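An overview of the molecular structure
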Amino acid sequence: MRSLTAEEYVEAFKSFLDHSTEHQCMDEFNKEKMPNIMAGLGNGKSTINVLGVGSGTGEQDLKMIRILQAAHPGVFIDNEIVEPNPQHVAAYKELVNQASDLQNVSFIWHQLTSSEYEQQMKEKGTYKKFDFIHMIQMLYRVEDIPNTIKFFHSCLDHHGKLLIIILSDSSGWASLWKKYGDCLPSPDSGHYITSNGITDVLKRLGVEYQVYEFPSGWDITECFIEGDPVGGLMMDFLTGTKNFLGTAPPGLRQRLQEALCQPECSSKKDGRIIFSNNLSMIVVE
């Protein structure tokens, strides 16, 4: 059993997005909470500095940029992106090229991991301050979570805000990782972590934060259909393992499939099995 390569992860992640309400859940948060959060940024400045850490292919970034534009018409937005996956960076750039409403937004991409970016900034000795920093579903791949949060929090300007989106403790992932985390390859030099782990760090840092919970589901029915290629990709994404169904010991495979059907992980709807993918949106002052 081995972890997914960057390319394999992209493919497995796409199958996850195609069958889950992850992005719809984030859209709900954007609609309900983000206009208010964005309205308080910038403090009358002519340029608002934004940093996306682990931005992936950029769809969520651009949605937030557009909310920021609506909240601060005419203000210039300086948007920097930290993203290590070259395929994701290329897809993000293509999205920007196709957009016609981003004239007052500048983009700088850093094809780096968050720790490489942090190291670069520390070597420079001075680092830029940002009005808004977001880390969406990326802290699982970070080696030192407390220090990563501490560093990026220190990059906030006065009245700046840090948004961390992470899996909720009410999600099926939390139950799965608690029981089976030791049987699965951990994310690249990273950790299985949910929102309580993040709020513990924030309490220790003594910073103010608010948590918003949003429900999300993932239809994993195909995981239980023998030989189904989509189900195979889903299991790879669930376990972070290449060809999990073909390489895992039969006992582990059976135990994991049984666990996925338990009420703390999934619910049944119209004969489909819906895995709980609930998210916590944590806004740090």
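Every chain begins its residue count from 1, and numbering advances along the sequence as written. The predicted nature of this model means local features are confined to residues of pLDDT at least 70 and side-chain atom pairs, given and counted, to a pLDDT of 80 or more, with totals for whole chains, interfaces and linings taken over all residues. Derived side-chain values reflect all non-hydrogen atoms in the structure, with water molecules and hydrogen atoms excluded from consideration.

Here a helix means four or more residues in a row that DSSP labels H or I, a strand means two or more in a row labelled E, and each is numbered from the N terminus. When helices and strands are tallied, the protein chain shows twelve helices and ten strands. Computed over C-alpha atoms, the radius of gyration of the protein chain comes to 19 Å, within 12% of the 19 Å expected from 2.2 N^0.38 for 285 residues, which places it in the range of a compact globule. Only protein chains enter the accessibility calculation, which uses a 1.4 Å probe; a residue is then buried when its area is under 20% of its type maximum, exposed when over 50%, and partly exposed in between. Sorting the 285 residues of the protein chain into buried and exposed places 51% on the buried side. All accessible-area figures derive from a Shrake-Rupley calculation using a 1.4 Å probe, and residue coverage is judged against the displayed protein chains alone. A total accessible area of about 13100 Å² is found for the protein chain, and carbon and sulfur atoms account for 51% of it. Note that the radius of gyration is over C-alpha atoms, with the globule rule given as 2.2 Å times the number of residues to the power 0.38.

This brings us to the UniProt feature "binding site: substrate" (unreviewed entry) in the protein chain. UniProt positions are given in the numbering used here, feature names are shortened, and annotations may be inferred rather than shown by experiment. Mapped onto the present numbering, the UniProt feature "binding site: substrate" (unreviewed entry) falls on Glu22 and Asn277. In summary, the annotated positions, though distributed over 256 residues, converge in three dimensions, the widest C-alpha pair being only 7.3 Å. Following the sequence through the fold, Glu22 ends up in helix α2 (residues 22-32). Residue class for Glu22 comes out buried when judged on its relative accessible area of 4%. Residue contacts follow a heavy-atom distance rule, with two residues in contact if any of their heavy atoms lie within 4.5 Å. Once residues lying within four places of it in the same chain are set aside, the contact partners of Glu22 are Phe16, Leu17, Gln137, Ser216, Asn277 and Leu279. Here Gln137 takes part through its side chain, which lies 3.0 Å from a polar atom of the side chain of Glu22. What Asn277 contacts, discounting residues up to four positions off in sequence, is Phe16, Glu22, Leu167, Ser171, Trp173, Ser216 and Gly217. Pairs of N or O atoms within 3.5 Å make up the polar contacts considered here, provided that, within protein, one atom can donate a hydrogen while the other can accept it, and that residues adjacent in sequence are counted only when both atoms are side-chain atoms. Engagement of the side chain of Asn277 in a polar contact is seen with the side chain of Glu22, the distance being 2.8 Å.

On to the sheet that holds strand β1 (residues 47-53), then. The seven strands lie next to each other as β3-β2-β1-β4-β5-β10-β6, forming an open sheet whose pairing is mixed. Each edge of the sheet is formed by a strand with only one pairing partner; in this case those strands are β3 (105-110) and β6 (209-214). In this sheet, adjacent strand axes meet at a mean angle of 15° when their direction is disregarded. Strand pairing is assigned whenever DSSP detects at least two bridges linking the two strands. In the sheet, β1 pairs with strand β2 (residues 76-82) via seven bridges, with the strands oriented parallel. Note on β2: the bridge partner recorded for Val53 is Val82. Note on geometry: axes are lines fitted to C-alpha atoms, helical ones only across the stretch in contact, with angles between N-to-C directions running from 0 to 180 degrees.

Here three strands make up an open sheet; going across it, the order is β7-β9-β8 and the pairing antiparallel. In this open sheet, the two strands that pair with only one neighbour each are β7 (217-219) and β8 (266-269). Ignoring strand direction, the axes of neighbouring strands in this sheet form an average angle of 35°. Pairing of β7 with strand β9 (residues 272-276), which is carried by three bridges, proceeds in the antiparallel orientation. Its bridge partner lying in β9, Gly217 is registered against Ser276.

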